[in-house]
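Descriptive structure summary
So you can see what is in the structure, the chains are spelled out below.
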Amino acid sequence: QIHSKNMAHGLQHLHAAWQVEKAVTNDDESRVILLRFGQDYDPDCKLMDDVLLAISDIVKAKCDIFLVDISEVPEFTQQYELYDPCTL
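Here the structure is a predicted model, which means the values were calculated and not measured. (Residues numbered from 1 in each chain as written. Predicted model: local features only at pLDDT ≥ 70, side-chain atom pairs only at ≥ 80, totals over all residues. Heavy atoms only, no water.)

This part takes up the environment of leucine 35. Here leucine 35 shows up in strand 3 (residues 32-38). Of the residues examined, leucine 35 reaches a relative accessible area of 10% and is grouped as buried. In contact with leucine 35, not counting residues within four places along its chain, are Leu14, Val20, Val24, Phe66, Val68, Thr87 and Leu88. (Helix = DSSP H or I, 4+ residues; strand = E, 2+ residues; numbered from the N terminus. Buried < 20%, exposed > 50% of the residue type's maximum accessible area, 1.4 Å probe, protein only. Contact = heavy atoms within 4.5 Å.)

With that out of the way, let us pick up the packing of aromatic side chains. Inspection of every chain in the model, using the stated rule, returns three aromatic pairs. Aromatic side chains phenylalanine 37 and phenylalanine 76 sit 6.2 Å apart centroid to centroid with 50° between the ring planes, which places their arrangement in the tilted category. Note that phenylalanine 37 is positioned in strand 3 and phenylalanine 76 in the loop between strand 4 (63-69) and strand 5 (86-87), a separation of 39 residues in sequence. Here phenylalanine 76 and tyrosine 80 contribute two aromatic rings whose centre-to-centre distance is 5.5 Å and whose plane-to-plane angle is 10°, an arrangement assigned as stacked. Of the residues examined, phenylalanine 76 reaches a relative accessible area of 3% and is grouped as buried. In textbook terms, an aromatic cluster arises when at least three aromatic residues are bridged by ring pairs, as seen for Phe37, Phe76 and Tyr80. (Phe/Tyr/Trp six-rings, centres within 6.5 Å; stacked < 30°, edge-to-face > 60°.)

Burial analysis of strand 4 places seven of its seven residues in the buried class, the great majority of the element. Burial along strand 4 is two-sided: the face carrying Cys63, Ile65, Leu67 and Asp69 and the face carrying Asp64, Phe66 and Val68 are both buried. The pairing of strand 2 (residues 11-13) with strand 4 spans two bridges and is classified as parallel. What sits directly across from histidine 13, in strand 4, is leucine 67. The pairing of strand 3 with strand 4 spans seven bridges and is parallel. Its bridge partner lying in strand 4, arginine 36 is registered against leucine 67. (Pairing = 2+ DSSP bridges.)

And the structure:
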């Protein structure tokens, strides 16, 4: 199961690269996967997390939202050029 039981701001975290890979290669092509890459303590990420939490009930039928802390899962930083404080 890729869904982490740990939630920050009411949103699910992915804590390992394999969890991120599994989320984006999900067989259900009818669902949108939104990944927030950044650092949980960053003010921009906290603001974005608040916005994502506010819309999560509205989009939950079609979209899964996951948080990925790039200090905990750094494997994608260079691959996806994640140099901004917060990236969707």
